[in-house]
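Take a look at the letters that make up each chain.
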Amino acid sequence: MTKADDPKPHLRLAVENSQTELDRKWAKGEIEWPLRDLASNIIRVVRGAGKSYEIVGQCVAVIKAFQQYRETIGCLPDSWEIDRILSIQPAGADGEQYGERWEREHARETIVRGALQIAASRLAGQNTQEQRGRSEMMSGVNDVQSIREEARRRTAEAERAQRRAAADATGRKKAEPRKRRKIKGDPEINL
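This is a predicted model, so every value here is computed, not measured. (Residues numbered from 1 in each chain as written. Predicted model: local features only at pLDDT ≥ 70, side-chain atom pairs only at ≥ 80, totals over all residues. Heavy atoms only, no water.)

**So, the overall build of the chain**
Rules: Strands are runs of DSSP state E lasting at least two residues, helices are runs of H or I lasting at least four, and both sets are numbered from the N terminus onward. Partly exposed describes any residue whose relative accessible area lies between the buried limit of under 20% and the exposed limit of over 50%, with all areas from a 1.4 Å probe on protein chains only and scaled to the type maximum. Whether two residues are in contact is decided by their heavy atoms, any of which lying within 4.5 Å being enough. What sets the accessible areas is the Shrake-Rupley method with a 1.4 Å probe; for residues, cover comes only from the shown protein chains.
Looking only at helices and strands, one finds five helices and zero strands in the chain. The burial tally for the chain puts 14% of its 191 residues in the buried class. Intrachain contacts of the chain at a sequence separation of at least 6 include 53% that bridge at least 24 residues. Entry remark: accessible area of the chain is about 15,900 Å², with carbon and sulfur atoms responsible for 52%.

**A short note on a nonpolar patch on the surface**
Let me state the cut-off plainly: Like charges within 9 Å and nonpolar side chains (Val, Leu, Ile, Met, Phe, Trp, Tyr) within 5 Å are joined into patches, using only residues over 30% in relative accessible area that form no salt bridge. Salt bridges, as used here, are contacts in which a Lys or Arg side-chain nitrogen is within 4 Å of a carboxyl oxygen on Asp or Glu.
A contiguous nonpolar surface patch, about 310 Å² in accessible area, is contributed by I43, I88, V112 and L116. Its location among the elements puts I43 in helix α1 (residues 19-47). For I43, a relative accessible area of 45% corresponds to the partly exposed category.

**Describing the side chain of Q58**
Quick reminder of the rule: Any N or O atom pair separated by 3.5 Å or less is treated as a polar contact, with the protein-specific requirement of one donor-capable and one acceptor-capable atom, and with residues adjacent in sequence counted only for side-chain atom pairs.
If you trace the backbone, Q58 turns up in helix α2 (residues 55-73). Using a relative accessible area of 14% as the deciding quantity, one classes Q58 as buried. Among the polar contacts made by the side chain of Q58, one reaches the side chain of N41 at a distance of 3.0 Å. Residues contacting Q58, with those up to four places away along its chain left out, are D37, L38 and N41.

**Remarks on the pattern of salt bridges**
One pass over the full model with this rule turns up 10 salt bridges. Here R104 makes a salt bridge to E100, at a shortest N to O gap of 2.4 Å. Highlighted residues: R104 and E100, both in helix α4 (residues 100-124), separated by four residues, approximately one helical turn. A single network of salt bridges, built from pairs that share partners, joins E100, R104, E150, R153, R154 and E157.

**Some points on α2**
Let me state the cut-off plainly: Multiplying one less than the number of residues by 1.5 Å gives the expected span of a helix. The directions from the helix axis to the C-beta atoms form the arc being described.
Over its 19 residues, α2 runs 27 Å from end to end, which matches the ideal 27 Å to within 8%, given 1.5 Å per residue. Residues of α2 that are buried: Q58, V62, A65, F66, Y69 and I73. The arc enclosing the buried residues of α2, seen along the axis, measures out at 95 degrees, which places them on a common side. Along α2, the residues that are exposed and aim more than 90 degrees away from the buried face are V56, I63, K64 and E71. Residues of α2 that are buried sit in contact with α1 and α3 (79-86). The positive-phi residue at the C-terminal boundary of α2 is G74, with phi of around 100 degrees.

**A few points about the confidence of the model for the chain**
Heads up, the rule is: Confidence of the predictor at the level of single residues is captured by pLDDT, which takes values from 0 to 100.
For the chain, mean pLDDT is 82; residues scoring 70 or higher make up 76% of the total. At the level of individual helices and strands, the chain shows its lowest average pLDDT in α1, which scores 88, and its highest in α2, which scores 93.

**Regarding the nonpolar core**
The criterion, for reference: The criterion is simple. A nonpolar core is a set of buried Ala, Val, Leu, Ile, Met, Phe, Trp, Tyr and Cys residues joined through side-chain atoms within 4.5 Å.
Residues A27, I31, L35, L38, V62, A65, F66, Y69, I73 and I85 constitute the largest nonpolar core, which totals 10 residues. Among the secondary structure elements, those contributing two or more residues to this core are α1 and α2. It is α2 that contributes the most residues to this core, five residues altogether. What F66 contacts, discounting residues up to four positions off in sequence, is I31, L35, L76, P77 and I82.

**As for the packing of α1 against α2**
Helices that pack against each other are described as a pair by the angle of their axes relative to one another and the distance between those axes. The line we're drawing: Note on method: axes are straight lines fitted to C-alpha atoms, helices fitted across the in-contact stretch only, with angles between N-to-C directions ranging 0 to 180 degrees. Note on angle classes: values under 35 degrees are labelled roughly parallel, values over 145 roughly antiparallel, values of 65 to 115 roughly perpendicular, and the remainder oblique. Here is the rule for handedness: rotate from the far helix to the near one, and if that takes an anticlockwise turn smaller than a right angle the crossing is left-handed, while a clockwise turn gives right-handed.
With their axes 9 Å apart at the nearest point, α1 and α2 run at an angle of 165 degrees to one another. By the criterion of interaxial angle, the relationship of α1 to α2 is roughly antiparallel. Crossing angle aside, the handedness with which α1 passes α2 is left-handed.

Here's what the structure looks like:
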């Protein structure tokens, strides 16, 4: 049997990305890490743990990356592309199902966003915005506390139900409440 007689279809890979689109992807990748490094270092410096001596070099690297992008593509990246590069959304956050785990993570993200708002507002001297950040952060803290309390309540209910089921399975009667007896001399004290 020759190849011409072979009834199997031949698969071909068609690349639909134009050279411009490939260049844009490459140039965006060249911006991503210098920009993220600069942003993360500035945040760390604000909190007192970064490397302030690296900021100038990181700024230069970001400017060079943006210049290279403009030379390659002919314009600067769109603001949504920069927003996406600097987004701190956890990976997989879009497709996650609602539930206790999602609620807990959402509450933690609210705390982080509020704390970042406070830091940015302090740097800019924006007291009103700082208060909004504080409010957002405390909302997240309250949500975490509510989620924990609800989890504790459910656990306690489940344990009580389990103890009742075990007692019913052994045939033991429920303990009747103890009768109170009065102590002579003080009518207010009951045991």
